[in-house]
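Architecture at a glance
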Amino acid sequence: MSNKIEINIENKKVGELFYNETLKEYGFNYSCDFRKVSLIMPYKPSIYVWKNYLHPIFDMNMPEGYLFELLKKYLNKEYGYINDFLIFSYLSPNIDSYLTYKSHFNKADYEHFDINDIIENDNEDTFNKLLHTFINRNAISGVQPKTLALLQDKESLIIKEYIIKTWGEEYLYLAQNEYFCMEIMKNAGVETAKVQLSKNNKFLLVERFNYDKKNDSYLGFEEVLVLLGKNKDEKYSGSYEQISKVIYAVTTNKIDSMYALFQMIVMNYLLKNGDAHLKNFGVIYDAEQKSIELAPAYDIVNTTPYFHKDKPALTMFGKKVWFGKKELIKFGCEYCYLDKKNASKLYNKCFKSLIQGINDMKIYIVKTPSFENIGNKMLDSWNLSLNEETIKEIPHEIRRNW
């Protein structure tokens, strides 16, 4: 079995990824000075060596949780062993992105599904069918049940790649939770990944944002985790100050990117999203890597209904607490390079969007009684944000009612 993977950009080979089993080292070697495979990996004639883990730009695509366990079971049974290089070799030929790959595994031919059929038939059988159809395309991270899928709109005949997320007893009604959070983020004026709920709210369909329809090509995308040179096991190791610094350092349209980043961070605090870690912020760039911008917001959820004592995923000012208005505006001024007037204006846009979201949620709960329990927990935590004060965690008297 080959221990090399060919890396290409625009159908041109730029290097090879390989694995040294004896040394437990991953190496990447450029074959030409065409384009960088990562913003933190400029061309050099010597080898980029990474110990124990794939290089961050490749590790970014490694599945976690639910998908990882499925792939591990299948590949271990088929080949008698498992490691990250085998998993990446299996998945990489089917990754459609700025980088493309060739390994000893063949690129698969996929059928596509009608998007309306998926929306209308959002059940376990449909999800399992999608999962097994696209299992060797699932180079996506995150612990909840999800799968990539190619879906076609019958009217436009356009086929797009979506992430289909579902939920079980552990995270009840997670699709609606994320949908509402993403809508509130969008209404605050932040660009977000496009999402829609299925008929019975069992699926959240998330359209991939790395495709450039105008040029029929894929945009480069790198998570902040990659830009910091870290692997997936370190996604909770860091701070929002680090995110701001690296986004400011690499983006070309710095003003717009920092405005949007500040709003994203504010909204994650107001919405009580305790999973806004280093993999949930990123940048996108064009083929020449000359225009680098903050990526749209994605993976926004209210985590406190499931983890009552949850706290922010990363530190701010050295602490993991739910900061209020004063501290968030201070963060915007000190680390997002905003003046107080603009920081306050952007914060107020987020705050107004949250109020509108609370009102929308109340109406939705009346119309959707099955969502009442989770919906009220979300409302309780969002009402705490309306006080605009810093709290360490959801107060005991509120949790007791949950």
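Residues numbered from 1 in each chain as written. Predicted model: local features only at pLDDT ≥ 70, side-chain atom pairs only at ≥ 80, totals over all residues. Heavy atoms only, no water.

Moving on: the pairing of strand 8 (residues 159-165). Most of strand 8 is tucked away: five of the seven residues are buried. Note: strand 7 (residues 146-152) against strand 8, seven bridges, orientation antiparallel. Residue Leu 151 lies in a different strand from strand 8, and its bridge partner there is Lys 160. Between strand 7 and strand 8, which pair antiparallel one after the other, the connecting turn spans six residues, and Leu 157 there sits at a positive phi close to 65°. For strand 8 and strand 10 (residues 204-207), the ladder comprises four bridges, and the chain directions are antiparallel. Across the sheet, the residue bridging to Lys 165 is Leu 204, located in strand 10. (Buried < 20%, exposed > 50% of the residue type's maximum accessible area, 1.4 Å probe, protein only. Helix = DSSP H or I, 4+ residues; strand = E, 2+ residues; numbered from the N terminus. Pairing = 2+ DSSP bridges.)

Turning our attention to the sheet that holds strand 15 (residues 292-294). The three strands are arranged 13-14-15 in an open sheet whose pairing can be described as antiparallel. Every other strand in the sheet has two partners, leaving strand 13 (220-223) and strand 15 as the edge strands with one partner each. For this sheet, the mean angle separating the axes of adjacent strands, direction not counted, is 25°. Direction of pairing for strand 13 relative to strand 14 (residues 282-285): antiparallel, over a ladder of four bridges. Looking at the pairing, Phe 221 lines up with Ile 284 of strand 14. (Axes fitted to C-alpha atoms, helices over the stretch in contact; angles between N-to-C directions.)

Following the criterion strictly, the structure yields 40 aromatic pairs and no others. Judged by centre distance (6.0 Å) and plane angle (20°), the ring pair of Tyr 19 and Phe 85 falls under stacked. Remark: Phe 85 occurs in helix 3 (residues 84-91) and Tyr 19 occurs in strand 2 (residues 12-20); sequence separation between them is 66 residues. Of the residues examined, Phe 85 reaches a relative accessible area of 4% and is grouped as buried. (Phe/Tyr/Trp six-rings, centres within 6.5 Å; stacked < 30°, edge-to-face > 60°.)

Moving on to unusual backbone geometry. In this structure, Tyr 173 is a non-glycine residue whose phi angle is positive, near 55°. Tracing the sequence through the fold places Tyr 173 in the loop between strand 8 and helix 6 (174-187). Backbone geometry places Lys 272, a non-glycine residue, at a positive phi of 60°. Along the chain, Lys 272 falls in the loop between helix 9 (254-270) and strand 14.

Ranked by internal contacts, the top residues of the largest apolar core, which has 130 residues, are Ile 7, Phe 58, Tyr 240 and Trp 382. With 10 residues, the single largest contributor to this core is helix 11 (residues 340-367). When sequence neighbours within four positions are dropped, the list of residues in contact with Ile 7 reads Lys 12, Lys 13, Val 14, Gly 15, Glu 16, Leu 17, Phe 28, Val 37, Phe 58, Leu 99, Thr 100 and Tyr 101. (Core = buried A, V, L, I, M, F, W, Y, C linked by side-chain atoms within 4.5 Å. Contact = heavy atoms within 4.5 Å.)

A few words on the pattern of salt bridges. Throughout the structure, instances matching the rule amount to 21 salt bridges. Salt bridges sharing common partners tie together Asp 96, Lys 107, Arg 137, Glu 161 and Arg 208. (Salt bridge = Lys/Arg side-chain N within 4 Å of Asp/Glu carboxyl O.)

The pairing of strand 1 (residues 4-9) with strand 2 spans six bridges and is antiparallel. Its bridge partner being in strand 2, Ile 9 is matched across the sheet by Lys 12. Counting the residues that bridge the hairpin from strand 1 to strand 2 gives two residues, and of these Glu 10 lies at a positive phi of roughly 50°. One ladder, built from four bridges, connects strand 1 with strand 5 (residues 99-102); its direction is antiparallel. When the sheet's bridge partners are listed, Glu 6 is paired in strand 5 with Lys 102.

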